[in-house]
Amino acid sequence: MLRFFHGPMDCGKSTLALQMNYNHSRQGRRGLVLTKHDRSGEAQVTSRIGLGLDAIEVGEELDLVRLVAARDGIDYLICDEACFYTVEQIEQLADLVDDHGVDVYAFGLASDFRSRMFPAARRLFELADEVVRLQVEVLCWCGRQGRLNARVADGVMVRTGEQVVIADTDGSQVHYRVLCRRHYRNGDLGTGDLGGAEHPRLAAPA
Ligand SMILES: [Zn+2]
């Protein structure tokens, strides 16, 4: 099966990815953990609540079928940050399921800061056997359910620019916030009150 679990930032995707890996490896199944642009900046899957695991960084040129074929007896893949993979790599995940009997658990954002789908996420919606919207509640500052990822530069929400800009974790000018649909659409970041959706390592907008 090819499964895609999606949700906004900080909804617990990486935590679930790590839990999934633990559950499978405990049953003696062999897996690989893959990621791209993890928040730690290393080839690791780290979660906000502090768990972490070494992972394989999915570079643009990495062929996932070859990666798995080079190892014996891989039963499953945990693919964190799959929204940042290439579309071709998503096709390779489907090949692994169909031709190599590998179970794939992909985790990622569905949409970018413009509320448009990442190409890899779109392909996962199209190909996956199962698509799950994660129910872990991330709240907007107003208390409604967080749905969309806003990019904030110098305290102002921006709607144009490169699809992928990694926020610096050390007080950079660009960061991301999860907003409800209403406040995403009208660009209201609230009063700067953190409201539970702010990444803990990112500064609040002025
Ligand atoms: Zn709101």
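Just so it is clear, the structure is predicted and the values come from calculations on it, not from any experiment.

Cut-offs used in this document
- Residues numbered from 1 in each chain as written.
- Predicted model: local features only at pLDDT ≥ 70, side-chain atom pairs only at ≥ 80, totals over all residues.
- Helix = DSSP H or I, 4+ residues; strand = E, 2+ residues; numbered from the N terminus.
- Buried ≥ 20, exposed ≤ 12 C-beta atoms within 10 Å, placed from the backbone.
- Contact = placed C-beta atoms within 7 Å.
- Pairing = 2+ DSSP bridges.
- Axes fitted to C-alpha atoms, helices over the stretch in contact; angles between N-to-C directions.
- UniProt positions renumbered as here; feature names shortened; annotations may be inferred.
- Arc of directions from axis to C-beta.
- Expected span 1.5 Å × (residues − 1).

This part covers the overall build of the protein. When helices and strands are tallied, the protein shows five helices and eleven strands. For the protein, the proportion of its 206 residues judged to be buried stands at 39%. Of the contacts formed within the protein by residues at least 6 apart in sequence, a portion of 73% connects residues at least 24 apart.

Moving on, we get to the sheet that holds strand β6 (residues 76–79). The sheet built from six strands is open, its strands ordered β5-β2-β6-β7-β1-β8 with parallel pairing. Two strands close off the open sheet at either side, each with one partner strand: β5 (56–57) and β8 (130–133). As paired elements, strand β1 (residues 2–6) and β8 share four bridges and run parallel to each other. Directly across from H6, in β8, lies its bridge partner R133. Helix α1 (residues 13–26) contacts β1, β2 (31–35), β6 and β7 (103–108) of the sheet and is inclined by roughly 160° relative to β7. Where helix α3 (residues 87–100) meets the sheet, it contacts β1, β6 and β7, and its direction lies at approximately 155° from that of β7.

With that out of the way, let us pick up the UniProt feature "active site" (unreviewed entry) in the protein. With numbering matched to this structure, UniProt assigns "active site" (unreviewed entry) to E81. Residue E81 is classed as buried on the basis of its 24 C-beta neighbours within 10 Å.

What follows deals with helix α4 (residues 119–127). When we look at burial in α4, the residues that qualify are A120, A121, R123 and L124. For α4, the angular spread of buried residues about the axis comes to 160°, placing them on one side. In the core, the buried residues of α4 are packed alongside β1, α3 and β7.

This brings us to the pairing of β1. On a regular strand, each side chain points to the face opposite its neighbour's, so the side chains alternate between the two faces of the sheet. Counting buried positions along β1 gives four out of five residues, so the element sits mostly inside the fold. Both β1 and β7 contribute to a ladder of five bridges, which runs parallel. Residue pairing for β7: L2 is matched across the bridge by V104.

Right, let's get into α1. In this model, α1 (14 residues) spans 20 Å end to end at C-alpha, consistent with the 20 Å of a helix rising 1.5 Å per residue. K13, S14, T15, L16, A17, L18 and N21 are the residues of α1 that are buried. Each element contacted by the buried residues of α1 is listed here: β1, β2, β3 (44–46), β4 (52–54), β6 and β7. Backbone geometry just downstream of α1 places G28 in the positive-phi region, at approximately 80°.

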